[in-house]
Amino acid sequence: MKKEEKEKLFNVGEIIRRAKSVQGFKTDTQLANYLGISRSTLCNWMARNSLDFPLFLSKMDQVDFNWLLTGKGVATQSRQYCDNPLAKGEIEMLHTPKSTEMTDDRMVTLYDISAAANLKTMLEDKPQYALGKILIPNVPACDGAVYVSGDSMYPILKSGDIIGFKSINSFTDVIYGEMYLVSFNRGGDEYLTVKYVNRAEESDCIKLVSYNPHHDPMDVPLSAISAMAIVKFSIRKNLMM
């Protein structure tokens with residue numbers, strides 16, 4: 001990943017600035033004391049553009065992680081929880097639309113994406129891959145939910161988290177900078193990934209970008225994509241039973 005691309009997506013200085021703001025701290029020393037680390041450690045995090053996520057986020061459990069890490073959404077939200085045999089945990093909105101979407105308590109079908117060849121196959125034969133339904137409070141309309149695997153979006157998403165999605169009919173409807181489920185073919189193999197979608201230099205491609213800086217971005221031709229769905233919410237694994 002190019003340095004400028006990494007810093008655009010993953011900016012520890014901005015994360016720390018938001019952390020100080022939401023906690024009402026004026027100085028780095030105040031934040032460092034709150035985290036239980038030295039000011040020099042905090043400065044090293046900013047210099048390396050890296051931080052101790054488990055420690056940092058454990059101290060920010062009342063803050064919306066999506067806002068803290070990306071600046072999207074609002075700093076704090078009323079807590080919403082899912083309590084179901086299939087999923088138990090805190091619900092976090094990952095897509096903040098410019099226009100208000102109607103939200104309500106909804107029955108969302110949880111699918112076994114690992115059993116399908118790709119997202120398109122799963123969407124075309126939904127009953128075959130359905131694991132059951134989850135009653136989720138105060139979420140916008142979506143087409144279903146699946147488990148996350150891998151660490152490309154860590155710490156916003158962790159392996160085992162559940163994400164809710166809404167499929168799009170045309171790839172020209174993509175909202176750049178948002179998180180998507182993308183099913184595509186490369187080298188004769190089918191891949192399904194959760195990534196941010198950005199503009200690519202080539203007009204017939206999109207750029208898939210991870211939040212985890214250890215994963216490089218990739219350009220994918222639109223012709224290789226079989227299905228896409230915008231990610232609406234997540235249910236965090238750290239609260240699941």
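The structure this text deals with has already been given above.
Below, the structure is looked at part by part. Just so it is clear, the structure is predicted and the values come from calculations on it, not from any experiment.

## Some details on the pairing of strand E7 (residues 179-186)
- Across the eight residues that make up E7, a large majority, six, are buried.
- When E7 meets strand E8 (residues 189-199), the two strands line up antiparallel, connected through eight bridges. For Val182, the partnering residue across the bridge sits in E8 and is Thr193.
- From the end of E7 to the start of E8, which pair antiparallel, there are two residues, and Gly187 there has a positive phi angle of about 60°.
- With five bridges connecting them, E7 and strand E11 (residues 225-235) associate as antiparallel partners. Pairing of Phe184 across the sheet is with Ile225, part of E11.

## So, the pairing of E8
- Where E8 meets strand E9 (residues 205-209), four bridges bridge the pair, whose relative direction is antiparallel. In the sheet register, Val197 faces E9, and the bridge partner there is Leu208.
- In this antiparallel pair of consecutive strands, E8 and E9, the connection spans five residues.

Definitions and cut-offs
Residues numbered from 1 in each chain as written. Predicted model: local features only at pLDDT ≥ 70, side-chain atom pairs only at ≥ 80, totals over all residues. Heavy atoms only, no water. Buried < 20%, exposed > 50% of the residue type's maximum accessible area, 1.4 Å probe, protein only. Helix = DSSP H or I, 4+ residues; strand = E, 2+ residues; numbered from the N terminus. Pairing = 2+ DSSP bridges.

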